[in-house]
Amino acid sequence: SVIELLQTAVAEGHKVLLFSQFVMMLNILQTELNKVQISSLMLTGKTKNRQELIKTFQTNTSYSVFLLSLKAGGTGLNLTAADYVIHYDPWWNPAVEIQATDRAHRIGQTKSVSVYKMLVKDSIEEKIQALQEKKKGLIEDIIGGSSHGKGLTREDLEFLLK
């Protein structure tokens, strides 16, 4: 489970960024972390004191886990104190997750960063991961100049929902 992964990471002295696209899920995870006595911070679109939270995570060893909504925490943050990144639920566009992961891969990062994606077998999340791999190949083709780009297609949506 993700809580077990977090307990292990924290016990080993790691700092973790955990991204979810659902604020409600972040609230649930924070409640579960509190039960196992892991202190965490949370940043969502409604967070007013963003810079204060970022500074606290970067400098305060009491907080090992930073829970971030994918949209609010995916861009513009420098979180080099983290050396673990967990994507709790995937998004169909791999560029969004790459951007979020890059919060730990910034100038000043001195540690290797481990990235985890949580997936349930035979779930829509697993299908989203497969779609991401397909889209990643498309992006690589576009960058390499070997094909013309396209967005999320009807076939992509049918793949997710079948």
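Refer to the preceding data block for the structure.
Predicted model, so just to flag it, every value in this text is computed and none were measured.

Caption draft 1: Seen up close, the overall build of the protein chain. Each helix and strand counted, the protein chain has seven helices and five strands in total. Starting at the N terminus and ending at the C terminus, the protein chain contains elements arranged as α-β-α-β-α-β-α-β-α-β-α-α. A total of 162 residues make up the protein chain; the buried ones form 40% of that total. In the protein chain, of all internal contacts separated by at least 6 residues, the share reaching a separation of at least 24 is 71%. Approximately 9,300 Å² of the protein chain is accessible, and the part contributed by carbon and sulfur atoms is 54%.

Caption draft 2: Summary view of the environment of Lys 46. Residue placement: Lys 46 occurs in the loop between β2 (40–43) and α3 (50–59). When its relative accessible area of 72% is taken as the criterion, Lys 46 is described as exposed.

Caption draft 3: The arrangement of helix α2 (residues 23–35) in detail. With 13 residues, α2 extends 19 Å between its outermost C-alpha atoms, agreeing within 8% with the 18 Å of an ideal straight helix rising 1.5 Å per residue. Along α2, the positions that sit buried rather than exposed are Leu 26, Leu 29 and Leu 33. Across the axial projection of α2, the buried residues extend over an arc of 65°, all falling on one side. Exposed residues pointing more than 90 degrees away from the buried face of α2 are listed as Met 24 and Lys 35. Looking at the buried positions of α2, the neighbouring elements they touch are α1 (2–11), β1 (16–20), β2 and β3 (65–69). Trailing α2 by a residue or two, Gln 37 shows a phi angle of about 60°, which is positive.

Caption draft 4: The arrangement of the pairing of strand β4 (residues 84–87) in detail. The alternating pattern of β4 places Tyr 84 and Ile 86 on one face and Val 85 and His 87 on the opposite face, and all of these are buried. Taken together, the four bridges between β1 and β4 define a ladder with parallel strand orientation. Bridge assignment links Leu 18 to a residue of β4, and that residue is Ile 86. In the sheet, β4 pairs with strand β5 (residues 114–117) via four bridges, with the strands oriented parallel. Bridged to His 87 within β5 is Lys 117.

Reading the values: the criteria
- Residues numbered from 1 in each chain as written.
- Predicted model: local features only at pLDDT ≥ 70, side-chain atom pairs only at ≥ 80, totals over all residues.
- Heavy atoms only, no water.
- Helix = DSSP H or I, 4+ residues; strand = E, 2+ residues; numbered from the N terminus.
- Buried < 20%, exposed > 50% of the residue type's maximum accessible area, 1.4 Å probe, protein only.
- Contact = heavy atoms within 4.5 Å.
- Areas by Shrake-Rupley, 256 points an atom, 1.4 Å probe, with all protein chains shown as cover.
- Expected span 1.5 Å × (residues − 1).
- Arc of directions from axis to C-beta.
- Pairing = 2+ DSSP bridges.

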